Amino acid sequence: TVNADFKFNNGAIDRHNENIKKLQRENDATRKDWTALNATTFVFQTGTGTTTCPACLRALPEGEIESHRTELEKNFNTNKATRLKNLNQTGVSNAKEIERLQTIVNSLVNANAQFEIDNAENEKELEGLKKEREGLNGNVDVTATVEVSALKEKIASFDTGKPPVIEDTELK
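Scoring rules and cut-offs
Each residue is numbered by its place in its chain's sequence as written, counting from 1. For a predicted model such as this one, the threshold for reporting local features is a pLDDT of at least 70, and the threshold for listing and counting side-chain atom pairs is 80 or more; totals across whole chains, interfaces and linings nevertheless cover every residue. In computing side-chain properties, one takes all heavy atoms of the structure into account and sets aside hydrogens as well as water. Numbering of helices and strands runs from the N terminus; a helix is a DSSP stretch of H or I covering at least four residues, while a strand is a stretch of E covering at least two. Exposure classes here rest on a 1.4 Å probe applied to the protein chains alone. A residue is buried below 20% of its type maximum, exposed above 50%, and partly exposed in between. Note on areas: Shrake-Rupley, 1.4 Å probe, and residue coverage restricted to the protein chains presented here. Aromatic rings from Phe, Tyr and Trp, with only the six-membered ring used for Trp, were paired whenever their centres fell within 6.5 Å, and each pair was classed as stacked if the ring planes differed by under 30 degrees, edge-to-face if by over 60, and tilted otherwise. In this analysis, two residues are considered to be in contact whenever any of their non-hydrogen atoms come within 4.5 Å of each other. As a per-residue measure, pLDDT reflects the predictor's confidence and takes values from 0 up to 100. We define a salt bridge as a side-chain nitrogen of Lys or Arg found within 4 Å of a carboxyl oxygen belonging to Asp or Glu. Only buried residues count toward a nonpolar core. Its members are Ala, Val, Leu, Ile, Met, Phe, Trp, Tyr and Cys residues joined through side-chain atoms within 4.5 Å.

The secondary structure content of the protein chain amounts to four helices and zero strands. The order of α-helices and β-strands along the protein chain, N terminus first, is α-α-α-α. Taken over 172 residues, the protein chain has a buried fraction of 16%. Summing over all exposed atoms, the protein chain offers an accessible surface of approximately 13,500 Å²; the carbon and sulfur share of this is 55%.

Here is the structure:
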């Protein structure tokens, strides 16, 4: 399952890195939009409908033109401030999500590094055990095994009340 965890982590790392790149591209676009919007200024041009009443389309009296211009500029500045604030919030939100995803990616990368370390240690231990087993296989004393089974038979015969089996080797 370590191998499956390793593969799962790699997939998650790839997905999170893609999301990070997407959010970074969004933030780049948001930054450009914010800069362009912030550079805009209110322009009041006479003769382009700004000096006529929007309801009846008659020319505004001279005294109302300045108040109309002030109202339009106030609306422009309010709208601009709201849009800049929204762009800023989007950028901050994306930055926090990028940071959160980067923390997850770092954690997964560290987990995979630990998997690799553990796997290498386990491989070393396995190789050592294999060598130990090979060494034991070559050093098994067959006579000791025969002697142990003969002793077990003697012990069993004492328990059953039968006379012990005596081999020729014991008489010599």
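Let us keep going from here.
What follows is about the environment of Lys85. Topologically, Lys85 is positioned in helix H2 (residues 62-138). We classify Lys85 as exposed; its relative accessible area is 53%. Expressed as a C-alpha distance, the spacing of Lys85 and Trp34, which sit 51 residues apart in the sequence, is 9.1 Å.

One pass over the full model with this rule turns up one aromatic pair. On the numbers, 5.9 Å between centres and 50° between planes, the contact of Phe42 with Phe76 is tilted. Taken together, the residues Phe42 in the loop between helix H1 (2-39) and H2 and Phe76 in helix H2 connect sequence positions 34 residues apart. Its relative accessible area of 21% is what places Phe42 among the partly exposed residues.

Along the chain, the position of Asn9 falls in helix H1. Look at Asn9 and you get buried, because its relative accessible area is 9%. Each C-alpha atom of the pair Asn9 and Val109 lies 7.8 Å from the other, and the pair is 100 residues apart in sequence. The residues touching Asn9, leaving out its near neighbours within four places in the chain, are Leu108, Ala111, Asn112 and Phe115.

This paragraph deals with the confidence of the model for the protein chain. Per-residue pLDDT for the protein chain has a mean of 82; in total, 74% of the residues score no lower than 70. Looking over the protein chain, one finds the lowest element-wise mean pLDDT in helix H4 (residues 168-171), namely 50, and the highest in H1, namely 92.

Counted under the stated rule, the structure contains seven salt bridges. A salt bridge links Glu18 to Lys21, with the shortest nitrogen-to-oxygen separation between them at 4.0 Å. Of this pair, Glu18 and Lys21 both sit in helix H1, three residues apart, roughly one helical turn. Look at Lys21 and you get partly exposed, because its relative accessible area is 43%. Across the pair Lys22 and Glu26 runs a salt bridge whose closest N-O atoms are separated by 3.8 Å. Taken as a pair, Lys22 and Glu26 lie in helix H1 at a separation of four residues, close to a single helical turn. The exposure class assigned to Lys22 is partly exposed, which follows from its relative accessible area of 44%. Look at Glu26 and you get partly exposed, because its relative accessible area is 31%. Taken together, the salt bridges that share partners define one network made up of Glu66, Arg69 and Glu73.

Formed by Ala12, Ile13, Ile20, Leu23, Ile98, Leu101, Val105 and Leu108, the largest nonpolar core amounts to eight residues. Mapped by element, the contributors of at least two residues to this core are H1 and H2. Not counting chain neighbours up to four residues away, the residues in contact with Leu23 comprise Asn94, Glu97, Ile98 and Leu101.

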